[in-house]
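# Results of the structural survey
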Amino acid sequence: MALTMTRTRTQTALTKLVTMVANVHGELAFVEGVLLAEETAGRRETLAELTDEQRKGLAARHSVLLGQGEALYATVRQFDSELNPEDIGVLDEWKKALGRACSNRVFQVRYALAVDGGKLR
Amino acid sequence: MSRTNTPPTEKWLLNELAAARGELAEIERELGMAQAAAARLEVCLRRQQSLCQSFEKVLEMTIGEAHRAWTAQVGAHRPYGGRGSLRQWLRETIQAEYPRSLDSVTLLDRAIPVFGLVFVSKADRKRYCDNTFRRQLASLLEQGFVERLPLAGRGAVRTGWRWKAPADLNSVRVQAESAEAA
């Protein structure tokens, strides 16, 4: 791919970046929800059984998502300094990579199995 | 009036010492400025490094590791000192001249020393004026900051660019005065 010497900002690029931020927000909310439920004894019955390995994987994934969020925030601010990326909402398109819709419990297990060293397989 | 008699060697030494101290003070002052500039550059460096890392991370999320073979380094020049600086300067210059108007040739003549613009030929200058300079003026016109007026004079009709002040009694008065003067 030849680089074109242009710094033109397009709506397409902005939409893509904002969508990525929203998906990271969505995934972060999900992971934090699972980790919080893990810590709260009374809510553990909402989860499927997770192994220690899977819990550590989720914690690593949480760190990776925070890093991705920071990088995306810096990118969006560089794109347009008047935008506040923290105001961007939440999307669940990230779930599509993990198969068909299913119950929360099944999805949590599927997600925990897919996490490997902070990345999603 | 008494006259002191300083031996020439001492006189020379005293004078040289004073000059050397003056040089030292100047060097210390320049060193202080250079250190302050270095500290500022250090902050800019860390900020740019962080920005580069953010871009690399986001590129990795979008196109994966393959981007590492593509990315290059370019001297992203900022000929006007930053994004939007030329347009901002045009706005301020035209606003300062209100209620007078200025044509694009006069504006370009004023912009050349401000931004250090260099043209290799008349054609180069014309190309710049038509493609870049007038484009910025057209943007200001679209945004409603300036208005276009015909300039009176012999020969071809020239266009003047004038600040479009928000409608209020004061501006109406100024316009009336300038119309009377013309």
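The residue numbers shown here count from 1 along each chain, following its written sequence. All chains are assigned letters beginning with A, and all ligands numbers beginning with 1, in the order in which they are written. Residue-level local features of this predicted model are given only where pLDDT is at least 70; pairs of side-chain atoms are given and counted only at 80 or more, and the full residue set underlies all totals for whole chains, interfaces and linings. Only heavy atoms go into the side-chain values, all of them from the structure, while hydrogens and water stay out.

### A word on the overall build of chain A
Here a helix means four or more residues in a row that DSSP labels H or I, a strand means two or more in a row labelled E, and each is numbered from the N terminus. When helices and strands are counted, chain A shows three helices and two strands. Throughout, exposure labels follow a simple rule: accessible area from a 1.4 Å probe, protein chains only, divided by the maximum for the residue type, with under 20% read as buried, over 50% as exposed, and the rest as partly exposed. The 121 residues of chain A split such that 38% are buried. Areas reported as accessible are Shrake-Rupley estimates using a 1.4 Å probe. Residue values count occlusion only from the protein chains shown. Accessible surface for chain A amounts to roughly 7600 Å². Of this, 53% is attributable to carbon and sulfur atoms.

### Things to note about the packing of helix 2 (residues 52-79) of chain A against helix 3 (residues 104-114) of chain A
All names here are of chain A. Between N-to-C directions, angles span 0 to 180 degrees; the directions come from axes that are lines fitted to C-alpha atoms, helices contributing only their stretch in contact. Their axes nearest at 9 Å, the elements helix 2 and helix 3 cross at an angle of 75 degrees. If you check the angle between helix 2 and helix 3, you find them roughly perpendicular. Taking contact as the criterion, the partners of Gln 54, Leu 58, Arg 61 and Leu 65 in helix 2 are, on helix 3, Tyr 111, Ala 112 and Leu 113. By definition in this entry, angles of less than 35 degrees are roughly parallel, angles greater than 145 are roughly antiparallel, angles of 65 to 115 are roughly perpendicular, and the rest are oblique. Pairs of residues are marked as contacts when any of their non-hydrogen atoms sit within 4.5 Å.

### Some words on the layout of surface pockets
A cavity, in this analysis, means grid points on a 1 Å lattice covering only the protein atoms where a 1.4 Å probe fits yet has no way out; a pocket is instead an open set bounded by protein on both sides within 12 Å along at least five of seven lines, and a residue lines either one if it has an atom within 4 Å of a point. Grid points are joined across faces, edges and corners, and a volume is the space filled by probe spheres set on the points. Roughly 570 Å³ of volume is contained in the second largest pocket. Contributing to the lining of the second largest pocket are 20 residues, with A:Val24, A:Glu27, A:Arg61, A:Gln68 and B:Met61 lying nearest its centre. For the lining of the second largest pocket, the secondary structure elements donating two or more residues are helix 1 (11-39), helix 2 and strand 2 (119-120) of chain A together with helix 1 (8-63) of chain B. If you tally residues by element for the lining of the second largest pocket, the top one is helix 1 of chain A, at six residues. Taken together, the residues of the lining of the second largest pocket break down into eight nonpolar, five polar and seven charged. When residues are sorted by character, Ala, Val, Leu, Ile, Met, Phe, Trp, Tyr, Cys and Pro go into the nonpolar class, Asp, Glu, Lys and Arg into the charged class, and all the rest, Gly among them, into the polar class.

### Here's the deal with the side chain of B:Asp103
Residue and element names in this part refer to chain B. Note on placement: Asp 103 falls in strand 1 (residues 102-103). Side-chain polar atoms of Asp 103 contact the backbone nitrogen of Thr 106, separated by 3.0 Å. With residues near it in sequence (within four places) discarded, Asp 103 still touches Leu 151, Arg 158, Thr 159, Gly 160 and Trp 161. As used in this structure description, the phrase polar contact means that two N or O atoms lie within 3.5 Å; if the pair is within protein, one of them must be able to donate a hydrogen and the other to accept it, and residues adjacent in sequence are counted only when both atoms belong to side chains.

### As for the sheet that holds strand 3 (residues 158-163) of chain B
Residues and elements named next belong to chain B. Only when DSSP finds a minimum of two bridges between them are two strands counted as paired. One open sheet holds the three strands; their spatial order is 1-3-2, and the pairing between them is antiparallel. Bordering the open sheet on either side are strand 1 and strand 2 (146-151), each of which pairs with just one other strand. Two elements, strand 2 and strand 3, share six bridges in a ladder whose sense is antiparallel. Looking at strand 3, one finds that Leu 151 is bridged to Arg 158.

### Remarks on the nonpolar core
The definition of a nonpolar core used throughout is a set of buried Ala, Val, Leu, Ile, Met, Phe, Trp, Tyr and Cys residues joined through side-chain atoms within 4.5 Å. Among the nonpolar cores identified, the biggest contains 28 residues, and A:Phe30, A:Leu58, A:Leu72 and A:Tyr111 are the most heavily contacted of them. Put simply, the parts of the chain that give this core at least two residues each are helix 1, helix 2 and helix 3 of chain A. What A:Leu58 contacts, discounting residues up to four positions off in sequence, is A:Val31, A:Val34, A:Leu35, A:Leu50, A:Tyr111 and A:Val115. Formed by 21 residues, the second largest nonpolar core is a distinct cluster that contains B:Ile94, B:Ala111, B:Phe115 and B:Leu140.

### Considerations on helix 1 of chain B
Residue and element names in this part refer to chain B. In this analysis, the expected span of each helix is defined as 1.5 Å times one less than the number of residues it contains. Look at helix 1: 79 Å from first C-alpha to last across 56 residues, which is about the 82 Å you get at 1.5 Å a residue. Among all positions in helix 1, only Leu 51, Ser 54 and Val 58 are buried. Backbone geometry just after helix 1 places Gly 64 at a positive phi near 80 degrees.

### A word on the packing of helix 2 (residues 85-97) of chain B against helix 4 (residues 122-143) of chain B
Residues and elements named next belong to chain B. At a minimum axis separation of 10 Å, helix 2 and helix 4 run at an interaxial angle of 65 degrees. As the angle between them shows, helix 2 and helix 4 are arranged roughly perpendicular. The element helix 2 and its partner helix 4 pack so that their crossing is right-handed. Packed against helix 2, whose contacting residues are Leu 86, Arg 87, Trp 89, Leu 90, Arg 91 and Ile 94, the element helix 4 presents Tyr 128, Thr 132, Phe 133, Gln 136, Leu 137, Ser 139, Leu 140 and Gln 143 at the interface. Tallied by class, residues from the contact of helix 2 with helix 4 come to eight nonpolar, four polar and two charged. Should the near helix be turned anticlockwise from the far one by less than a right angle, the crossing is left-handed, and should it be turned clockwise, the crossing is right-handed.

### Regarding unusual backbone geometry
Between B:Tyr98 and B:Pro99 the backbone carries a cis peptide bond, its omega angle lying at 10 degrees. Tracing the backbone shows B:Pro99 in the loop between helix 2 and strand 1.

### Concerning the pairing of strand 3 of chain B
Regular strands place their side chains on alternate faces of the sheet. Across two bridges, strand 1 of chain B lies against strand 3 of chain B in antiparallel orientation. Looking across to strand 3 of chain B, one finds that B:Asp103 is bridged to B:Gly160.

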